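Residue strings, one per chain:
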Amino acid sequence: MSARNRRLPRHRAWPLTTTDIAECLGPLLTRVTDLRFLTGQDCGSIVLGAAWVAPGPRAYGRGIHPDSVGFRMDVHPVDAPERAATRAVLRARALPQLHDWITRAISADETWRLTPHQHYWRLADGRLTHHDKA
């Protein structure tokens, strides 16, 4: 993305690119319905987020549009000087874990698929952690 269109302050940068994600996920990228590079407030130590957008109830017009059902990914900005180190950790550990999470979700039972799920990766003091939030 060109600097003119990036919409991030100069001291912030995204640790991953679309190419990084495509290389790791391969054909699973077609299951991602929304890939967002966030520009808003700092989310603390969160560097990557993924979510399963479940089909909602169809009663009273509050259903989820079928095109929205699937996986959503959020790439959170980091401080620019930390971008290269963060990118290396995410490519080596978080993206393979994301690949596994999506693969397991695809073969999950109906109960899992009908419930929204979120998965976050946090990087603090050089230590990457991740957890689910259903």
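To start, this report covers the structure provided alongside it.

A count of helices and strands for the protein gives three helices and seven strands. When the helices and strands of the protein are read in sequence order from the N terminus, they spell out β-α-β-β-β-β-α-α-β-β. Within the span of the protein, comprising 134 residues, buried residues form 34% of the whole. Partitioning the intrachain contacts of the protein with sequence separation of at least 6 by distance along the chain shows that 70% fall at a separation of at least 24. Of the roughly 8200 Å² of accessible surface on the protein, 51% is carried by carbon and sulfur atoms.

Turning our eyes to something else, we now look at the packing of helix 1 (residues 18–25) against helix 2 (residues 83–106). Packed helix pairs are specified by the crossing angle of their axes together with the interaxial distance, meaning the distance between the axes. Where helix 1 meets helix 2, the closest approach of the two axes is 9 Å, and the angle between their N-to-C directions is 45 degrees. Looking at the two axes, helix 1 sits oblique to helix 2. For the pair helix 1 and helix 2, the crossing hand works out as right-handed. Seen from helix 1, the contacting residues are Asp 20, Ile 21, Glu 23, Cys 24 and Leu 25; seen from helix 2, they are Arg 87, Arg 91, Leu 95, Pro 96, Leu 98, His 99 and Ile 102.

Enumeration over the complete set of coordinates arrives at five aromatic pairs. Ring plane angle 35 degrees and centroid distance 6.1 Å describe the contact between Trp 52 and Trp 112, whose orientation is recorded as tilted. Placement of the pair is Trp 52 in strand 3 (residues 46–53) and Trp 112 in helix 3 (residues 110–113), with a sequence separation of 60 residues. For Trp 112, a relative accessible area of 22% corresponds to the partly exposed category.

Strands sit in the order 2-4-3-6-7 across an open sheet of five strands; the sheet is mixed. Edge positions in the sheet fall to strand 2 (32–37) and strand 7 (127–133), since each of these pairs with one other strand and no more. For this sheet, the mean angle separating the axes of adjacent strands, direction not counted, is 10 degrees. Across the sheet, helix 2 lies against strand 3, strand 4 (70–75), strand 6 (117–124) and strand 7, angled at about 15 degrees from strand 3, the strand it touches most.

We now examine the pattern of salt bridges. Going through the model one piece at a time under the given rule, you end up with six salt bridges. We note a salt bridge from Asp 79 to Arg 12, for which the minimum N-O separation is 2.9 Å. Pair noted here: Asp 79 is in strand 5 (residues 78–79) and Arg 12 is in strand 1 (residues 12–13), with a separation of 67 residues, a long-range link. Overall, Asp 79 belongs to the partly exposed group, its relative accessible area being 32%. By relative accessible area, which is 12% here, Arg 12 ends up buried. Across the pair Arg 87 and Asp 20 runs a salt bridge whose closest N-O atoms are separated by 2.6 Å.

About the criteria used
- Residues numbered from 1 in each chain as written.
- Predicted model: local features only at pLDDT ≥ 70, side-chain atom pairs only at ≥ 80, totals over all residues.
- Heavy atoms only, no water.
- Helix = DSSP H or I, 4+ residues; strand = E, 2+ residues; numbered from the N terminus.
- Buried < 20%, exposed > 50% of the residue type's maximum accessible area, 1.4 Å probe, protein only.
- Contact = heavy atoms within 4.5 Å.
- Areas by Shrake-Rupley, 256 points an atom, 1.4 Å probe, with all protein chains shown as cover.
- Axes fitted to C-alpha atoms, helices over the stretch in contact; angles between N-to-C directions.
- Parallel < 35°, antiparallel > 145°, perpendicular 65-115°, else oblique.
- Left-handed = near helix turned anticlockwise from the far one by under 90°.
- Phe/Tyr/Trp six-rings, centres within 6.5 Å; stacked < 30°, edge-to-face > 60°.
- Pairing = 2+ DSSP bridges.
- Salt bridge = Lys/Arg side-chain N within 4 Å of Asp/Glu carboxyl O.

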